[in-house]
Amino acid sequence: MNWEQLLSLKRSGDTNKRLRKEQDETRLGFEVDYDRIIFSSAFRSLQDKTQVIPLSKTDFVHTRLTHSLEVSVVGRSLGRLTGKKILEKHPHLSTIHGYQMNDFGAIVAAAALAHDIGNPPFGHSGEKAIGEYFLNGNGKRFQSQLSEKEYQDLVKFEGNANGFKILTQDRPGTPGGLRISYATLGAFMKYPKESLPHKPTKNIADKKFGFFQSEKGTMLDVAQELGLIKTGNKNDISFSRHPLAFLVEAADDICYTIIDFEDGINLGLIDEDYALEYLIKLVKDTISTPKYNSLQSTADRLSYLRSLAINTLIREAAEIFLANEEAILAGEFHQALFDKSKYEAQIKDIIKISIEKIYQSEEVINKEIAGYKMLETLLDTYTNAFLPATQDLDSNFNDLVLKSVPKLKNLNAETSVYQKLIQICSYTASLTDGFTVSSFKRYQGSGF
């Protein structure tokens with residue numbers, strides 16, 4: 001892979017090549033990506049989607065939206081740090097093509113801003129609930145009408161693939177979706193493969209999948225433009241990661257490791273003294289003991305340690321990336337950046353505590369159980385309305401359901417079963433936690 005291709009400004013529908021040196025410096029193409037994402041309805045919905053605690057009434061707990069904004073800020077710093085060194089190593093990118101340090105920051109920031117845009121209600125349990133419906137629930141009745149890969153898209157429903165769909169799918173009047181630059185789409189794609197084969201290697205890029213069969217053509221177009229290296233056999237589509245996807249992943253890792261941990265402390269799920277000890281281990285080389293001892297409140301101590309920890313991990317992630325740039329460009333780097341971190345043990349300790357004390361807390365588990373039932377009910381309601389098993393199900397209730405979801409009004413008799421199901425799943429995934437609850441109550445005939 002080469003940086004000139006990887007930094008492509010091309011957008012869906014373009015007929016002429018966009019050149020960096022011809023860009024308007026007051027509003028660069030990569031900055032337009034950020035603007036289009038942040039003004040989208042899909043991004044706004046993240047304000048009422050779970051990051052740590054579903055349906056939390058506490059004002060300082062992070063949502064997917066605040067998490068995404070923070071990941072974007074960290075990603076911007078990572079992009080600029082690495083971009084500066086990449087331009088020093090490959091000066092032609094600047095002198096001939098006009099790329100600047102901030103371009104790298106803008107690409108990573110935009111991709112990081114969108115990294116959770118496809119996630120369903122109730123966090124990762126929402127993904128599992130959708131998949132479970134088609135694997136063991138009433139959705140299993142559709143298996144015989146689908147190809148193996150189409151069915152896998154559903155039973156392993158993936159927020160990353162749904163995010164790619166949201167960013168790229170055609171809508172009436174808006175071909176190409178948000179029309180994000182291909183460089184940003186590449187950086188967004190942490191798992192540039194289709195749903196099968198499932199985890200064919202231990203390569204980090206094969207851990208999950210990044211696009212549905214409905215977006216296969218778009219993915220192939222993006223990969224060809226960026227010059228991504230094909231890794232699958234002739235019957236399976238998978239590619240090496242865009243190098244900047246490693247930075248997006250690192251930004252996410254930094255934020256959920258440090259900031260979810262901070263939420264756990266603020267919620268009282270993790271003992272303060274115990275938690276602060278783990279953070280101090282991470283920043284022992286940069287902490288100012290007199291300053292730390294002068295801080296009187298838990299919030300101030302946490303804020304200080306959080307800042308040091310994030311800065312420490314940003315700089316180390318950039319160093320690891322730059323040290324392995326050649327292997328990354330060759331498609332020969334197969335792990336997350338922090339798998340090579342000197343702080344790996346400290347990071348794993350913090351994540352282990354977060355899993356035990358936060359993600360598996362009674363409050364989270366109880367709300368995820370409720371979320372499972374709600375999503376199952378919604379999927380049953382929508383599939384019965386749009387894909388009735390018999391004419392007996394062509395009822396007045398189903399007619400009312402059809403009218404209640406205008407975003408699916410484009411589904412008609414000509415739409416394939418797979419396209420209907422993946423659109424229903426994508427719509428369900430787009431719902432906020434709160435709207436999922438209210439929709440569940442409405443279809444159950446309660447909550448008025």
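Residues numbered from 1 in each chain as written. Predicted model: local features only at pLDDT ≥ 70, side-chain atom pairs only at ≥ 80, totals over all residues. Heavy atoms only, no water.

The chain appears in an unreviewed UniProt entry as DNTP triphosphohydrolase from Zunongwangia profunda.

### Some thoughts on the layout of surface pockets
For the second largest pocket, the calculated volume is near 1,100 Å³. Lining of the second largest pocket is provided by 41 residues; of these, Gln169, Arg171, Lys407, Gln423 and Ser426 occupy positions nearest its centre. At the level of elements, helix 3 (41–44), helix 9 (159–168), helix 10 (182–188), helix 11 (216–226) and helix 20 (417–430) are the ones that each hand at least two residues to the lining of the second largest pocket. A per-element tally of the lining of the second largest pocket places helix 20 first, with 5 residues. Considering only residue class, the lining of the second largest pocket consists of 15 nonpolar, 17 polar and 9 charged. (1 Å grid on protein atoms, 1.4 Å probe; cavity = no way out; pocket = protein on both sides within 12 Å on 5 of 7 lines; lining within 4 Å. Points joined across faces, edges and corners; volume = space filled by probe spheres on them. Helix = DSSP H or I, 4+ residues; strand = E, 2+ residues; numbered from the N terminus. Nonpolar A, V, L, I, M, F, W, Y, C, P; charged D, E, K, R; others polar.)

### Things to note about the packing of helix 12 (residues 243–266) against helix 17 (residues 344–359)
Where helix 12 meets helix 17, the axes come as close as 10 Å, and the angle between the chain directions of the two elements is 40°. Here helix 17 runs oblique to helix 12, going by the angle between their axes. Judged by the sense of rotation from one axis to the other, the crossing of helix 12 with helix 17 is left-handed. Across the interface between the two elements, Tyr256, Thr257, Asp260, Phe261 and Gly264 of helix 12 pack against Ile347, Ile350, Ile351, Ile353, Ser354, Ile358 and Tyr359 of helix 17. Residue classes in the contact of helix 12 with helix 17 are distributed as 8 nonpolar, 3 polar and 1 charged. (Axes fitted to C-alpha atoms, helices over the stretch in contact; angles between N-to-C directions. Parallel < 35°, antiparallel > 145°, perpendicular 65-115°, else oblique. Left-handed = near helix turned anticlockwise from the far one by under 90°. Contact = heavy atoms within 4.5 Å.)

### Description of the UniProt feature "domain: HD" (unreviewed entry) in the chain
Taken from the UniProt record, the annotation "domain: HD" (unreviewed entry) applies to residues 64–257. Between the C-alpha atoms that bound residues 64–257 the distance is 14 Å, and the span itself is 55% helix and 0% strand. (UniProt positions renumbered as here; feature names shortened; annotations may be inferred.)

### Focus on helix 21 (residues 433–444)
Over its 12 residues, helix 21 runs 17 Å from end to end, which matches the ideal 16 Å to within 8%, given 1.5 Å per residue. Here helix 21 has its buried residues at Asp433, Thr436, Val437, Ser439, Phe440 and Tyr443. For helix 21, the arc enclosing every buried residue in end-on projection is 165°, short of the 170-degree limit, so these residues lie on one face. Residues of helix 21 that are buried in the fold lie against helix 18 (362–386) and helix 19 (396–404). Two residues or fewer past helix 21, Gly445 is found with a positive phi of approximately 80°. (Expected span 1.5 Å × (residues − 1). Buried < 20%, exposed > 50% of the residue type's maximum accessible area, 1.4 Å probe, protein only. Arc of directions from axis to C-beta.)

### A few points about the domain arrangement of the chain
Split by domain assignment, the chain resolves into domain 1 (1–117 + 241–356) and domain 2 (121–155 + 360–447). Here the C-alpha centre of domain 2 lies 33 Å away from the C-alpha centre of domain 1. Listed by partner, the interface residues are 13 residues for domain 1 and 18 residues for domain 2. Buried surface at the junction of domain 1 and domain 2, both sides included, amounts to about 1,200 Å², of which 56% is carbon and sulfur. Inspection of the region where domain 1 meets domain 2 yields 0 salt bridges. Counting the contacts that link domain 1 with domain 2 gives 5 residue pairs in polar contact (both at pLDDT 80 or more). By residue class, the composition of the side of domain 1 that touches domain 2 is 6 nonpolar, 3 polar and 4 charged. (Domains from an automatic or database assignment. Buried area = accessible area lost by both parts, 1.4 Å probe. Salt bridge = Lys/Arg side-chain N within 4 Å of Asp/Glu carboxyl O. Polar contact = N/O pair within 3.5 Å; in protein donor to acceptor, adjacent residues only side chain to side chain.)

### Focus on the nonpolar core
Of all hydrophobic cores here, the largest spans 91 residues; its most connected members are Trp3, Ile37, Leu78, Leu244, Phe261 and Leu337. Discounting residues that sit within four places of it in the chain, Leu244 has contacts with Trp3, Leu7, Phe104, Ile107, Val108 and Ala187. (Core = buried A, V, L, I, M, F, W, Y, C linked by side-chain atoms within 4.5 Å.)

### Regarding the packing of helix 18 against helix 19
Geometrically, a packed helix pair is captured by the angle between its two axes and the distance between the axes. Where helix 18 contacts helix 19, the axes come no closer than 9 Å and their chain directions differ by 105°. As summarised for this structure, helix 18 and helix 19 are arranged roughly perpendicular, according to the angle between their axes. For the pair helix 18 and helix 19, the contacting residues are Thr381, Tyr382, Asn384, Ala385 and Phe386 in the first and Phe397, Asn398, Val401 and Leu402 in the second. Taken together, the residues that form the contact of helix 18 with helix 19 break down as 6 nonpolar, 3 polar and no charged.

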